[in-house]
Amino acid sequence: MEHIRTPKVEQVRLLDRFSNKSASGTLHLTATHLIFVESNADAAQEIWILHHHIGSVEKLSLTTSGCPLVIQCRNFRVVHFVVQRERDCHDIYSSLLRLLRPVSYEELYAFSYNPKQNEQQREEGWQLIDLGAEFERMGVPCDQWQLTDVNRNYKICETYPRDLYVPITASKPIIVGSSKFRSKGRFPVLTYFYQEKKAAVCRCSQPLSGFSARCLEDESMLQAISKANHNSRFVYVMDTRPKLNAMANRAAGKGYENEDNYSNIRFQFVGIENIHVMRTSLQKLLEVVGTRSLSVNDYLLGLESSGWLRHVKAVLDAAIFLTKAVTVEGASVLVHCSDGWDRTAQVCSLGALLMDPYYRTINGFMVLIEKDWISFGHKFADRCDQLDGDPKEVSPVFTQFLECVWQLTEQFPQAFEFNEWLLLQIHEHVHSCQYGNFLANNQRQREELQLKDRTHSLWAFLLSEGQNYLNPAFCHTYAETHPVLEPSTLPCHLKFWRNMYHQFDRSMHPRQSVLKNVLTLKESNRQLEDTIMKLEAVSTLLTTEAWHQPPHPRPPEEAKKCCSDTERTVEGSSGSERKESYGDLQGTYGAKVEPAVVSLEFGVARMTC
Amino acid sequence: MEFAELIKTPRVDGVVLRRPFLPTVEGTLCLTGHHLILSSRQDNTEELWLLHANIDAIEKRFVGSLGTIIVKCKDLRVIQLDIPGMEECLNIASSIEVLSTLDSVSLMYPLFYRPMFQVIEDGWKSFLPEDAFKDLESMTEEWRLSDVNKDYSVCSSYPPLVAVPKDVDDDTLRKAAAFRHGGRFPVLSYYHKKNGMVMMRSGQPLTGTNGRRCKEDEKLINATLRAGKRGYIIDTRTVSVAQQAKARGGGFESEANYPQWRRIHKAIERSSILQESLIKLVEACNDQSHSMDRWLSKLEASNWQTHVKEILTTACLAAQCIDREGASVLVHGTEGTDSTLQVTSLAQIILDPACRTIQGFQALVEREWLQAGHPFQQRCSQSAYSNSKPRCEAPVFLLFLDCVWQILRQFPCSFQFSQHFLVLLFEHTYASQFGTFMGNSASERSKLNLSQKTVSLWSWVNRPQEVERLSNPLYEANCLVIWPSVAPQSLLLWEGVFLRWKRSSRCLDEAYDEMVHIIQYNKELQNKVNNLRRQLGAGEQED
């Protein structure tokens, strides 16, 4: 590829981020990956870094040992190389700079990624999720809600999907009028229907109300939403922004609903900060936790000053508010923020996750992401910086959503069919651009790119290795006993997500994983059950055939094999790690360089927990 | 003194009890010499039996004639009693106050407690120093068991038997003892089988301002070094604190007099600061305000996690010296009864797989805490809620347990016990029906004749059903040294103790049970497969 000046550099040292460990090896630059292969023959580790994962490359000033190159990845991996010759370092640096800034979608990995799959399998992958069927599962269309074709050609709103659900009393003129009164034409539509109380969760963008403007169609639209629910006389309007931000928007001709103009609404601000605050907050958090020899006090103060957990709490609190309004009061709720594709997506999807056990299954969770994030136009391309774009548009909104889900899985260990690895893996691939699902900003762009014809679907890949993502503690009856989750958002119950933000800093992880162990056991149980069936079959065969002739049946070979597989491996610390971690002894004795133990499989996050 | 004199109102009817996670109960409140009992006298409601010794502080409130007593327990639980009648309420409150702060050892509950279970193995005899030494003897001949302290005259906080280098005679020990704080001359704490290195502990040397030295002390610790080898002295205090100690007659080993030893100073805080830290931490955990910033800043200000990190780091350092550097180590702080024991016991958890079993952990607590003279009674007479002025209280042992929990979290399959065992030990150090944690040293316990008059906690713990309850289903013996991560991101707040009463652990418990079920099912299936195989094999042979 023309951008690669030096495909291979030898004698490169990889420095550990938190200790004085280092490893030396060879750096390879391919069209899609930056690969580090350790030269140590015994424990040769390989690190594969997808170009799309690289967030920034920094060349530090030359030192006596060489030229340092620091690479920060969007999956929170940070690697620090030292390249002997400055020229090599510069070549890699400038190649990477070009490679990590693709200018067109066609350059993304998804268009060249080619797993061993035939065309039919690929197509089936894209058919796994059917949002029409999902609305049917919710009980829509019904006597109060219908499918509308107003957006069939993306005429009314180009960032919405083609198929939209609205109250039956919302006529086309009302929809058109309302869409003209909403930012980016994102008028109120149904995103979740709580069948039990016929209460609806609707989403939209902010009204273009300015200081005094009103729109009768928009008012009728809300009226229609209200009327569609006989359980409540009013509909909640949740503005997920802080009041001050919403008021400031009025000066730009936008703003929020005036309760005087809308009959039967209850208006509520919930105060989630905007994408810029979230971006800065996570940056700050990463800076703090990336510090070497961090003290506990600096860590806790850093957690506090970054505000990250405060924001996580705000998002969760909003979702809880939504859930209570719908499930307890039986009221319909309209959620919006400014454009209705960041905070709105977070609150609607988390609310649905709390209300509906289906979304806590692996399939359901995929459907949820497909519905509230992908189809309703969360701007993945902009937020995840898929193409060389405006850095101010980048924001970890989806990461934050995944973290909120993780906090819930920690509080309700039996409620979720999936485990943490699924969340980490989804996060990995939202940024990898290896699958078509998250490319571009909305459905219309995706159709133009013909992603379903030219790329693969992540969901098919995830389902193909579904057993890795199972939560062994998942309880099938939990959904019946706890249809609605009521999480605690007491500050002491929200935790720092080490396995996300330190995913690749293995030295910080527990050395033995309960999850991995129990998953292995579960798999072993399945195999043993199998073996027992086969053995029993053989045994019956023996007793019945014993009269005729002895065919010397043997237990099936595979049964023997799987039995030896069931031995659990206990990972102790290898005894070679953690040298020099406790200070004081450094330098006193000739410290031997220890190989790091991290390795990364091709484009797949290494899961440890 | 009779308990009856202290109990002004022995029983009150119509008392309402509110406690975390359990339904409100109305019933009769009874005060006995050692317990506060509330019973609804109905079959299926749980009664409350609370040891007075477990009560850390009470608060009274009145609304009209309805009185409310908030009882704050040493295990950090808070319960509320609504008592009709102002006089009754006042009487009950003052009785509880007196009964929960009785100083007299002879009135303590363990002396009155009669076990309702069958003692299979007397815990008082489970971990005798002689037995422990037999293990050592099988590994090395360089050490001997000395009874120089048989009448507790050389060191009042040491047990009668201690392990010392074979070449050092009792006279030398006596002289070295005179040079060490509290007479705590260097004794063996741990022998590392892998390389023959040892860990010793002692009190600080009494060098004073004019740099006094003691040849016998030097001889004693040098006797543990192999020819040409150097050792490490880990002083748990910072250099400046150690310097200041000189003014009070204490001090540290100077390079000049101990040329074969390299001294490393760490910064484990003294006990009064730890107590303050616990109080602040518990306050932060009980704070009802819902602001994230406030929680984090209060957690930070408590410094609890800092102490955990510091203690773990020092223990890792000691373990590292022994296992990685192949050097022997002497650990001490000031008295050698607090931070020293945290370090020596944690280092053993890291190094020695035996300490990670249920029996081995008990032996460790017995050896490195009880026999080694940690003053449990002084340290644990008040917990985080008490309003009285703290004297010698400090959560030194609780911090040790917290550190063990952190390692357990990081190596969840390497310990034979679960966190229930650690929580149980925390509870029993503060209030117990057993005599194990009474007194401040082996000598005090022997004077009180506790092994005859009380039941040992170990007698209770080592019954099969209790062992079963405390076991870790994921345990697989791991013979390796386990190095924990001490990064702040790897250390967690011990929810099982500090947030225990904030949220019901039902969800977590059920998930845990499910895991246990999977493990048990696996064993059943394995057995079944083996049996079937055997049957088939037998069938084949018959042919």
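Residues numbered from 1 in each chain as written. Chains lettered and ligands numbered in written order. Predicted model: local features only at pLDDT ≥ 70, side-chain atom pairs only at ≥ 80, totals over all residues. Heavy atoms only, no water.

The name recorded for chain B in an unreviewed UniProt entry is Myotubularin-related protein 9, from Oncorhynchus mykiss. Regarding chain B, the relevant UniProt record gives this comment under Sequence similarities (unreviewed entry): "Belongs to the protein-tyrosine phosphatase family. Non-receptor class myotubularin subfamily." (UniProt positions renumbered as here; feature names shortened; annotations may be inferred.)

Looking at an unreviewed UniProt entry, one finds chain A named Myotubularin phosphatase domain-containing protein and attributed to Oncorhynchus mykiss. As its UniProt record puts it under Sequence similarities (unreviewed entry), chain A is described as follows: "Belongs to the protein-tyrosine phosphatase family. Non-receptor class myotubularin subfamily."

**Q** Kindly report on the packing of aromatic side chains, identifying the contributing residues and their values.
**A** Taken as a whole and assessed by the stated rule, the structure comprises 54 aromatic pairs over all chains. Their ring planes at 40 degrees and their centres at 5.5 Å tell us that B:Phe397 and B:Phe400 sit as a pair that is tilted. Pair noted here: B:Phe397 and B:Phe400 are both in helix H13 (residues 396-410), with a separation of 3 residues, about one helical turn. Residue classification places B:Phe397 among the buried positions, given a relative accessible area of 2%. Among the residues examined, B:Phe400 registers a relative accessible area of 0% and is labelled buried. Ring pairing ties together the aromatic residues B:Phe127, B:Phe361, B:Trp369, B:Phe376, B:Phe397, B:Phe400, B:Phe415, B:Phe417, B:Phe421, B:Phe437 and B:Trp458, which thus form one cluster. Its guanidinium or amino end placed over the ring of A:Phe234, A:Arg266 lies 3.8 Å from that ring's centre, counting from NZ or CZ. (Phe/Tyr/Trp six-rings, centres within 6.5 Å; stacked < 30°, edge-to-face > 60°. Helix = DSSP H or I, 4+ residues; strand = E, 2+ residues; numbered from the N terminus. Buried < 20%, exposed > 50% of the residue type's maximum accessible area, 1.4 Å probe, protein only. Lys NZ or Arg CZ within 6 Å of the ring centre and 35° of its normal.)

**Q** Break down the nonpolar core for me, with residues and values.
**A** A general tendency of soluble globular proteins is for nonpolar side chains to be buried together. Counting residues in hydrophobic clusters, the biggest one holds 231 residues, and the most contacted among them are A:Phe365, B:Phe361 and B:Phe498. For B:Phe361, the contacting residues outside a window of four places in its chain are B:Ile349, B:Ala354, B:Cys355, B:Phe400, B:Leu401, B:Val404, B:Phe417, B:Phe421, B:Leu422 and B:Leu425. The next biggest cluster of nonpolar side chains, apart from the first, holds 27 residues, and it includes B:Leu50, B:Ile58, B:Ile83 and B:Leu99. (Core = buried A, V, L, I, M, F, W, Y, C linked by side-chain atoms within 4.5 Å. Contact = heavy atoms within 4.5 Å.)

**Q** Tell me about the side chain of B:Ser414, and name the residues and values.
**A** Along the chain, B:Ser414 turns up in the loop between H13 and helix H14 (419-430). For B:Ser414, a relative accessible area of 2% puts it in the buried group. There is a polar contact of 3.0 Å between the side chain of B:Ser414 and the side chain of B:Asn478. Leave out the neighbours within four places in its chain, and B:Ser414 touches A:Gln512, B:Arg356, B:Tyr475, B:Glu476, B:Asn478 and B:Ile482. (Polar contact = N/O pair within 3.5 Å; in protein donor to acceptor, adjacent residues only side chain to side chain.)

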